[in-house]
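# Residue-level structural notes
Here is how the chains run, residue by residue.
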Amino acid sequence: MRVIFCFTLLYSLLSFGQSSSGEPSKEIVQIYCGACHIVPDPSHLPKDLWEKNVLPEMGSYYGIQKQGFGLLKKRKPEDVEVIKSLNIYPETQVISDETWQLIKDYYINNAPESFPTYKERKNRTKNLKSFKRQDIELLGQPESLITSMVFDDSKNRLWVGEDRLIAFSWTLKNGPANKITTTSTVSNIQIKSDVVYMLEMGSLLPSDQKKGSVAMISNNKKKTIIDQLGRPVYMNVNDLNEDGTNEIVVCNFGNKSGGLEVYQQVGETFEKILIHEQAGAIKSLVHDMDNDGRKDLVVMFAQGDESIYIFYQKEDLKFEMERVLRFNPLFGSSDFVLTDYEGDGDMDIVVAQGDNADLSVRPKQYHGIRIFINTNNKFEEEFFYPLHGATKIIAHDFDKDGDVDLAAIAFFQNYESFPNEGFIYLENTDSENFQFESFSLKNSDPVKSLTLEKGDVDKDGDMDIIFGLFSWPITKAPESLKTLWQTAPYDLTVLFNKQE
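## Some words on the packing of aromatic side chains
- All told, the structure shown has 20 aromatic pairs when counted by the stated rule.
- An angle of 40° between the planes, with centres 6.5 Å apart, marks the rings of Y341 and F436 as tilted. Of this pair, Y341 sits in the loop between strand 19 (333-339) and strand 20 (348-353) while F436 sits in strand 26 (residues 435-440); the two residues are 95 residues apart in sequence, bridging distant segments of the chain.
- Relative accessible area serves as the criterion here: at 17%, F436 is assigned to the buried category.
- Connected via pairs of aromatic rings, a cluster forms that spans F131, F398, Y425 and F439.
- A cation over a ring is seen here: K283 above F336, with NZ or CZ 5.8 Å from the ring centre.

What follows is the structure in structure tokens.
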């Protein structure tokens, strides 16, 4: 298990925890923090967040149970036993007080008092006029809590998952239909032929209990086919080994534990194949990345050791793993897509980074959209668009001019300063030099969404953009906006593509 390996490595390095001079040093921090993930720089967070939030979390991994540390005290009783079984937090302190003080001093003494206000972003976007916004009521109920969406191109309909334990389809012409009751939050929906596959998290809030499941919906009847999943958030239904039967790839995000699993159908049941055990599996995509004729998996992990891996399929559902990107754990990796940005036949990677729901809820200058260009499966960052709280990303030639445009939502946006940047459209104006013109929806309700999808909703031959309202005010926002979202007379927003 990744977390146990990380702690074992950490424990083995304890004797090297102090420099000969006894002074705080990058080497000490590199040993203790670098055992598990990329080492953040003190400048990446203000002083108060290091002192009150992040260092207490870090201290718990060393068995420090004082100064407000010891996170098990804050857990629900049913979660405590699960976390204890993972052997993440030692029961006794395994780091000297002197060494721990050196680490604390390094971060607290070198961190800034506050972050800048980012005033230069104030007027950077133009009003989006190439799409026409239409807000649509779906349920006739107060608030809206849409957690998942997928557009079925073959039937020109949208499937929607809502946190009030329902899922349903929707078309522009006929409205909602095919209402299904779920057992927990629907985190992902996939469609194969006439079968709808629905992934249920078990718990929307952080948890390591295995209450998630996969269900099939056929003829409007729901059947659970896989259960005991660890807070799963994404799946792929795909015939990976091309034997005529679909496998189901599951990303178990979990909290402190998780991993990537493939479920192979054997008769009427599905057998689990564990591919990689690590918390934070958030999205997987299927593509032959080495052009050997076999389908590979490209997977993002977004908890602690944030990374993107390629799992090369070498033979029948047996994979070799290569980490191709690794990120600072404060980047908050949330989503990625594969796209041939350069048109050279290789899949490049576009990443959305802005998860801001954990220990450091503050707008961050390094959150945003990044493009990584592929050269023989070695990826280099070529473009960065700063965007507070970036959550989802779509890469598509929306204006049909032959290059890749980007659409993004930012659920953890800085709504006090930039209320219009909950949605951003980046129109590619010079692909070779990575030049984009940025647009937002001005003079309308600020976008508050966890979901982003594309589809030709009005069947006019171009791609429209769809997002669903999630009105819970999880992040800081003016009271007027919170009230606006919670009383909004719509659930869904469609941006109809009106570009010539």
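Next, the rest of the story.
## Topic: the environment of V286
- In this fold, V286 is placed in strand 15 (residues 281-287).
- Considering only alpha carbons, one finds V286 and D239, 47 residues apart in sequence, at a separation of 9.9 Å.
- In this structure, V286 is in contact with N236, N238, L240, K295, D296 and L297, ignoring residues within four places of it in sequence.

## Some points on the packing of helix 3 (residues 47-60) against helix 5 (residues 97-110)
- Running from amino to carboxyl end, helix 3 crosses helix 5 at an angle of 150°, the nearest separation of the two axes being 10 Å. With respect to helix 5, the axis of helix 3 lies roughly antiparallel. Handedness of the helix 3/helix 5 crossing: right-handed. The segment helix 3 lies against helix 5, with K47, W50, E51, L55, M58 and G59 engaging W100, I103, K104, Y107 and I108.
- Grouping the amino acids of the contact of helix 3 with helix 5 by side-chain chemistry returns seven nonpolar, one polar and three charged.

## Things to note about the pairing of strand 13 (residues 259-266)
- Sheet analysis places strand 12 (residues 247-252) next to strand 13, joined by five bridges and oriented antiparallel. Across the sheet, residue V250 finds its bridge partner in strand 13, namely E261.
- The antiparallel pairing of strand 12 with strand 13 creates a hairpin that spans six residues between the two strands, and G254 there sits at a positive phi of about 60°.
- In this sheet, strand 14 (residues 269-277) lies alongside strand 13 in antiparallel orientation, the contact comprising eight bridges. When the bridges of strand 14 are listed, G259 appears paired with E277.
- Connecting strand 13 to the next strand, strand 14, in antiparallel fashion are two residues, including G267 with a positive phi near 65°.

## Description of the environment of K122
- Mapped onto the elements, K122 comes out in the loop between helix 5 and strand 1 (126-127).
- When the C-alpha positions of K122 and D346 are compared, they lie 36 Å apart, and in sequence the two are 224 residues distant.
- Within the local environment of K122, its side chain forms a polar contact with the backbone oxygen of S417, the two atoms lying 2.8 Å apart.

## Observations concerning a negative patch on the surface
- Judged by side-chain charge, E342, D344, E380 and E382 come together as a negatively charged surface patch.
- Structurally, E382 is set in strand 22 (residues 378-386).
- The class of E382 is partly exposed, set by a relative accessible area of 43%.

## Some remarks on the sheet that holds strand 22
- Within the open sheet, the four strands sit side by side as 19-20-21-22. Their pairing is antiparallel. Edge positions in the sheet fall to strand 19 and strand 22, since each of these pairs with one other strand and no more. With strand direction ignored, the average angle separating the axes of adjacent strands in the sheet is 20°.
- Note that strand 19 and strand 20 share six bridges and pair antiparallel. Residue F336 lies in a different strand from strand 20, and its bridge partner there is V351.

## Points about the side chain of N428
- Relative to the assigned elements, N428 resides in strand 25 (residues 423-430).
- At a separation of 3.2 Å, a polar atom in the side chain of N428 contacts the side chain of Y341.
- A distance of 3.3 Å separates a polar side-chain atom of N428 from the backbone nitrogen of D430.
- Among residues more than four places away in sequence, those in contact with N428 are Y341, D401, D403, V404, D405, Q435 and F436.

## A few points about the side chain of S449
- Looking at where S449 falls in the secondary structure, it is placed in the loop between strand 26 and strand 27 (453-455).
- A polar atom in the side chain of S449 sits 2.8 Å from the backbone oxygen of T451.
- Of note is the side chain of S449, whose polar atom sits 2.7 Å from the backbone oxygen of G468.
- Those residues within four positions of S449 in sequence are excluded, and the remaining contacts are I409, F411, F467, G468 and F470.

## Quick look at the confidence of the model for the protein chain
- The predicted model of the protein chain has a mean per-residue pLDDT of 90, with 93% of residues at 70 or higher.
- Across residues 1-5, confidence stays below pLDDT 50; counting only partners more than four residues off in sequence or on other chains, it has 13 contacts.
- The model gives residues 7-24 a pLDDT under 50, and that stretch makes 30 contacts with residues more than four places away or in other chains.

## Section: helix 4 (residues 77-85)
- Of all the positions in helix 4, only D79, V80 and I83 are classed as buried. Buried residues in helix 4, looked at end-on, bunch into an arc of 110°, giving them a common side. Exposed residues lying more than 90 degrees from the buried face of helix 4 are P77, E81 and S85.
- N87 sits one or two positions beyond helix 4 and adopts a positive phi of about 55°.

## Quick look at the packing of helix 2 (residues 26-33) against helix 5
- Remark: helix 2 packs on helix 5, axes separated minimally by 10 Å, with the N-to-C direction vectors making an angle of 110°. Comparing the axis directions of helix 2 and helix 5 gives the class roughly perpendicular. Two secondary-structure elements touch here, helix 2 through K26, I28, V29, Y32 and C33 and helix 5 through T99, L102, I103, Y106 and Y107.
- Among the residues making up the contact of helix 2 with helix 5, the classes are represented as eight nonpolar, one polar and one charged.

Rules used in this analysis
- Residues numbered from 1 in each chain as written.
- Predicted model: local features only at pLDDT ≥ 70, side-chain atom pairs only at ≥ 80, totals over all residues.
- Heavy atoms only, no water.
- Phe/Tyr/Trp six-rings, centres within 6.5 Å; stacked < 30°, edge-to-face > 60°.
- Helix = DSSP H or I, 4+ residues; strand = E, 2+ residues; numbered from the N terminus.
- Buried < 20%, exposed > 50% of the residue type's maximum accessible area, 1.4 Å probe, protein only.
- Lys NZ or Arg CZ within 6 Å of the ring centre and 35° of its normal.
- Contact = heavy atoms within 4.5 Å.
- Axes fitted to C-alpha atoms, helices over the stretch in contact; angles between N-to-C directions.
- Parallel < 35°, antiparallel > 145°, perpendicular 65-115°, else oblique.
- Left-handed = near helix turned anticlockwise from the far one by under 90°.
- Nonpolar A, V, L, I, M, F, W, Y, C, P; charged D, E, K, R; others polar.
- Pairing = 2+ DSSP bridges.
- Polar contact = N/O pair within 3.5 Å; in protein donor to acceptor, adjacent residues only side chain to side chain.
- Patch = residues over 30% accessible without salt bridge, like charges linked within 9 Å, V, L, I, M, F, W, Y side chains within 5 Å.
- Areas by Shrake-Rupley, 256 points an atom, 1.4 Å probe, with all protein chains shown as cover.
- Salt bridge = Lys/Arg side-chain N within 4 Å of Asp/Glu carboxyl O.
- Lys, Arg positive; Asp, Glu negative; His and termini not counted.
- Charge placed at Lys NZ, Arg CZ, Asp CG, Glu CD.
- pLDDT = per-residue confidence, 0-100.
- Arc of directions from axis to C-beta.

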